[in-house]
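# Observations on the model geometry
Here is how the chains run, residue by residue.
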Amino acid sequence: AAPFLRRRGRASPSGVDTADLRAFVLELKDLGLAPSSIGRNVSAIRTYFSFLLGENLVVADPSDRLQTPKGWRSLPEVLTVEEVGHLLEAPDLAHPLASRDRAMLEFAYGSGVRVSELIKLQLRNLSLDEGIAMVHGKGSKERLVPIGRRAVGALSLYLREVRPRVEKGRGEGCVFLNARGRPLTRMGVWKILRQHVQEAGIQKQVSPHTHRDCLPTHLLAGGP
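Figured I'd write up the structure that's included with this text. (Residues numbered from 1 in each chain as written. Predicted model: local features only at pLDDT ≥ 70, side-chain atom pairs only at ≥ 80, totals over all residues. Heavy atoms only, no water.)

### Re the environment of E199
Spelled out, the test is: Counting from the N terminus, the helices are DSSP H or I runs at least four residues long and the strands are E runs at least two residues long. Here's how the labels work: a residue is buried when its accessible area is under 20% of the maximum for its type, exposed when over 50%, partly exposed in between, all with a 1.4 Å probe on protein chains only. In protein, a polar contact requires one atom able to donate a hydrogen and another able to accept it; more generally it is a pair of N or O atoms within 3.5 Å, and residues adjacent in sequence count only if both atoms are side-chain atoms.
Here E199 is to be found in helix α8 (residues 186-199). When its relative accessible area of 45% is taken as the criterion, E199 is described as partly exposed. Polar contacts involving the side chain of E199 include one to the side chain of H196, which spans 2.7 Å.

Quick look at the structure:
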């Protein structure tokens, strides 16, 4: 957990909060770790903070409410086709980065990629003419994913009108960049998704992992 927390700017245990630890657990889940492995990480974190609390090195235990894999639902809380439609239409194109958000949501929904695959997607691995993308999954394995027509259109607009304006030589060839021209992080994707979930009026608990999991359900139901 230490390298992850350092990336989030947490230089000492006293600066770590529950949100940091939850983000770490979600990253482990998105990387494909088994629940047993994640559970061992959670147990180690709790033991560590229990020790720090006992030694008066921290004033509170941020792991106290950290959920273990045993508490996760066996099935994801998926969105309905109507809710997905509202979510995809939520970004207001009058906002400078809205076309990025719409392209990201359309691509994530249409391709079913993991968040880790989405944030690492390279321009050189994107073929809009052929409607496919090469993504790097777990264990550095490569796989081809389809890009639907809606996603192709949204990506084309973003790559033509927005990405060139925000890219300042720090994009590392990644497709999806933040406002400072750097590759989006996992938490950056989560913040964008949460913002548009709220704008769409969706009451369910939605995470990047939920967004990915809903794809097969809607394909089987004849959704977009």
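### Regarding unusual backbone geometry
A positive phi angle, near 60°, is found at N56, a position not held by glycine. Mapping N56 onto the fold places it in the loop between α3 (35-54) and α4 (81-89). Overall, N56 belongs to the exposed group, its relative accessible area being 68%. In this model, E172 sits at a positive phi of 55°, which is unusual for a non-glycine residue. Examined against the element boundaries, E172 turns out to sit in the loop between α7 (149-166) and α8. E172 sits in the exposed class, given a relative accessible area of 62%.

### A word on the nonpolar core
The test is simple: By nonpolar core we mean a set of buried residues, namely Ala, Val, Leu, Ile, Met, Phe, Trp, Tyr and Cys, connected to one another through side-chain atoms within 4.5 Å. Throughout, a residue-residue contact means that at least one pair of heavy atoms, one from each residue, lies within 4.5 Å.
With 41 residues, the main nonpolar core has M104, F107, L118, L121, I147, L155 and F176 as its most contacted residues. Elements with a contribution of two residues or more to this core: α4, α5 (98-111), α6 (115-120), β2 (132-136), α7 and α8. With seven residues, α7 is the largest single contributor of residues to this core. Discounting residues that sit within four places of it in the chain, L155 has contacts with A103, F107, L126, L128, I147, V175 and F176. One finds F4, F24, I38 and V58 within the second-largest nonpolar core, a separate group that totals 15 residues.

### A closer look at the layout of surface pockets
Over the atoms rolls a probe the size of a water molecule, and its path tells where empty space is left. Applicable threshold: A pocket, in this scheme, is an open set of points on a 1 Å grid over the protein atoms alone with protein on both sides within 12 Å along at least 5 of 7 lines, while a cavity is a set where a 1.4 Å probe fits but cannot get out; residues line either one if an atom lies within 4 Å of a point. Grid points are joined across faces, edges and corners, and a volume is the space filled by probe spheres set on the points. Asp, Glu, Lys and Arg are counted as charged, while Ala, Val, Leu, Ile, Met, Phe, Trp, Tyr, Cys and Pro are counted as nonpolar; the rest, among them Gly, fall into the polar class.
Here the second largest pocket defines a volume of roughly 310 Å³. Lining the second largest pocket are R100, E172, N178, A179, R180, R182, P183, L184, T185, G188, K191 and I192. Among the residues making up the lining of the second largest pocket, the classes are represented as four nonpolar, three polar and five charged.

### As for the side chain of N178
Mapped onto the elements of the fold, N178 is located in the loop between α7 and α8. For N178, the contacting residues outside a window of four places in its chain are R100, V166, P183 and L184.

### A word on a positive patch on the surface
Spelled out, the test is: The patches described consist of residues with a relative accessible area above 30% and no salt bridge, like charges being joined within 9 Å and nonpolar side chains (Val, Leu, Ile, Met, Phe, Trp, Tyr) within 5 Å. Using the Shrake-Rupley algorithm and a 1.4 Å probe, accessible areas are obtained, with residue cover drawn only from the displayed protein chains. Between Lys or Arg on one side and Asp or Glu on the other, a salt bridge is scored when a side-chain nitrogen of the former is within 4 Å of a carboxyl oxygen of the latter. Positive charges come from Lys and Arg alone, negative charges from Asp and Glu alone, with His and the N- and C-terminal ends not counted. Just so you know, the charge point we use is NZ for Lys, CZ for Arg, CG for Asp and CD for Glu.
Taken together, the side chains of K168, R170, R180, R182, K191 and R194 present a region of like positive charge at the surface. Inspection of the secondary structure puts R182 in the loop between α7 and α8.

### Focus on the packing of α4 against α5
Applicable threshold: Convention adopted: a line fitted to C-alpha atoms gives each axis, helices being fitted over their contacting stretch, and angles between N-to-C directions are expressed from 0 to 180 degrees. Should an angle fall under 35 degrees it is called roughly parallel, over 145 degrees roughly antiparallel, and 65 to 115 degrees roughly perpendicular, with every other angle called oblique.
Where α4 meets α5, the axes come as close as 9 Å, and the angle between the chain directions of the two elements is 150°. If you check the angle between α4 and α5, you find them roughly antiparallel. Facing α4, whose interface residues are V84, L87, L88 and E89, α5 presents R102, L105, E106 and Y109. Counted by class, the contact of α4 with α5 contains five nonpolar, no polar and three charged residues.

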